[in-house]
Structures are given as C-alpha cells and as structure tokens.
Amino acid sequence: MKIGLFDSGIGGLNVLKEFIKKYPNNEYIYYGDTLNVPYGEKDKETLLNLSTNIIHFFEEIKVDLIVIACGTVSSNCYSELKMKTSIPIIDIITPTIFYLKKLNLKSILLFGTKKTVESHIFKNSINNIIEVATTEFVPMIESNKIDIKVIENYLKKYSNINALVLGCTHYPILVKEFKKYLNKNTLIIDMGKVLVDGLNISNNKNYSLTLYFTKIDKVLLKNIENIIKTPYNIKKI
C-alpha cells in the first residue's frame, strides 16, 4: 500500500512512526510543509489552500490512502478535503473523539493549537473536556528549543486530570516533560497511536519512506533523526 501523510512540519512524523511500527511493509510518502509552519494560527482559507496543494501532490504520485497527520487541518478542513479527491482520506481527530467517548473519563484536558481549540471540535462531542490553546509549543518543537517553564505554566493548574489529549501531532515530543507535572495515573492520549491502533490496512509491500519538505535545514534534519529510526530518502519540494 502506498500511504501519504502530511502536516505543517515534523509533527506528522510521530504519526508516521506509529504506522511504520504496526505496518512496516508499506510504501510511505510524507509531506512536511516546513516553509509555512506553524499552521495553528492560520485562517481556514489559507489552511484549505495549502492542504489542497498537498492533496494534488499525492494525487500526482498516486497514493492509495491520504492521512491528515495534523490536528489543525483535521479540525478545520477535513470535510472539505474529502470532497476534493477520490483517494480515501482520513483525519487524526475523529478516531480520538470516538476513543475518548469509550473511556468515559471525568476530567479531560486538551492541548491543541489555536485554530483547533477555536473549532471546538472536541468540546462539541465531549462534555467534560477543557480545551487549552498552547501556541508556544509548535515553534519550540520545530526549533528544538524546549522551554520547561512554558510547559509548567500550562500544566500546574491541571495536575489531577484523568487524561491529557495531545491535540496536535507535534506534542508527543513533549511527553517526557508533560509527565513531570502530571499525576502518574493520568492517561496521555496520543492521536497517532489511537488512529493506527484502530486501522486495519494491507501490509504487503516492500518498505520504503520518502520525506518531502518545503524547507530543509540542519535543525529539521536533527529533528527527523530523533523521531524516525528507519531508513528514508529526503527531498525538497
């Protein structure tokens, strides 16, 4: 199977990693729009235009499945993007909402981008969820400069929650830091893991991975090394 995944930067690599772990025998194509990262505060029209261009790219290389490995695009543009292509396309948020409903937790904290939180896609489906826009996180992660004090300021009020939802695919990179300020029994919900655990797709091709980025620099290359542990080719697009 030839699977295309995309995000504004490196966040979707966390989703890709989960795909490779469960389905190692597939052809993977990743598109990271590092030239326009972050997506979290862009208006819907811009998000649609950027995402539509990526969808067209995946159509040109004839992928079998498109994965929106971005919380912001999933929460704001999924329904529109489904109408733009005949290729099956799945988002990262819908499976997470279904999963949370099954858990029936008393208190849930969502960390997401500004546009994801403003969409209230989680709150419209789950009553007992607190949505918090964590605007500093993506730039920190992309620049590989993690500020512990910023994380502490967000989490110090919520140490006793039942679950923390990582509502942006960049955020699994910060899990170790999050755990320092959470109760040890707090569930940390990784949307990529939830998505992949719920899928049943073919796994019968030789493995290959090509990473496309709209901007490549030394920091990006280091970030990729920290996430992807399997062989890959990288190209600028």
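Residues numbered from 1 in each chain as written. Predicted model: local features only at pLDDT ≥ 70, side-chain atom pairs only at ≥ 80, totals over all residues. Heavy atoms only, no water.

Here we look at the overall build of the chain
Phase 1 of the analysis: Of the regular secondary structure elements, the chain holds 10 helices and 10 strands.
Phase 2 of the analysis: Considered along the principal axes of its C-alpha atoms, the chain spans approximately 45 × 35 × 35 Å.
Phase 3 of the analysis: The burial tally for the chain puts 54% of its 237 residues in the buried class.
Phase 4 of the analysis: The long-range share in the chain, meaning contacts at least 24 apart out of those at least 6 apart in sequence, stands at 69%.
Phase 5 of the analysis: Averaging the coordinates of the 31 positive side-chain charges in the chain and doing the same for the 23 negative ones gives two points 5 Å apart. (Helix = DSSP H or I, 4+ residues; strand = E, 2+ residues; numbered from the N terminus. Buried < 20%, exposed > 50% of the residue type's maximum accessible area, 1.4 Å probe, protein only. Contact = heavy atoms within 4.5 Å. Lys, Arg positive; Asp, Glu negative; His and termini not counted. Charge placed at Lys NZ, Arg CZ, Asp CG, Glu CD.)

With respect to the nonpolar core
Phase 1 of the analysis: Counting residues in hydrophobic clusters, the biggest one holds 63 residues, and the most contacted among them are Leu5, Leu13, Leu16, Phe19, Phe111, Phe137 and Phe178.
Phase 2 of the analysis: With residues near it in sequence (within four places) discarded, Leu5 still touches Val15, Leu16, Phe19, Tyr28, Ile29, Tyr30, Tyr31, Phe58, Val67 and Ala69.
Phase 3 of the analysis: The next biggest cluster of nonpolar side chains, apart from the first, holds 22 residues, and it includes Leu48, Phe58, Val63 and Cys77. (Core = buried A, V, L, I, M, F, W, Y, C linked by side-chain atoms within 4.5 Å.)

Considerations on the sheet that holds strand β4 (residues 89-91)
Phase 1 of the analysis: Strand order in this open sheet of 6 strands is β4-β3-β1-β2-β9-β10, and the pairing throughout is parallel. Strands at the two margins of the open sheet, each flanked by one partner only, are β4 and β10 (233-236). Neighbour-to-neighbour, the strand axes of the sheet open up by a mean angle of 20 degrees, direction not taken into account.
Phase 2 of the analysis: Note that strand β2 (residues 27-32) and strand β9 (residues 208-213) share 6 bridges and pair parallel. Bridge pairing in β9 places Tyr31 opposite Tyr212.
Phase 3 of the analysis: Sheet contacts for helix α1 (residues 11-22): β1 (2-7), β2, β3 (65-68) and β9; angle to β2, the most-contacted strand, approximately 170 degrees.
Phase 4 of the analysis: The sheet strands contacting helix α2 (residues 44-60) are β1, β2, β3, β4 and β9, and the helix crosses β1 at an angle near 160 degrees. (Pairing = 2+ DSSP bridges. Axes fitted to C-alpha atoms, helices over the stretch in contact; angles between N-to-C directions.)

Some details on the side chain of Thr113
Phase 1 of the analysis: The topology assignment puts Thr113 in the loop between β5 (108-112) and α5 (114-119).
Phase 2 of the analysis: A polar contact is formed between the side chain of Thr113 and the side chain of Thr116, at a distance of 3.1 Å.
Phase 3 of the analysis: The contact partners of Thr113, leaving out residues within four places of it in the chain, are Gly40, Thr72, Ala133, Cys168 and Tyr171. (Polar contact = N/O pair within 3.5 Å; in protein donor to acceptor, adjacent residues only side chain to side chain.)

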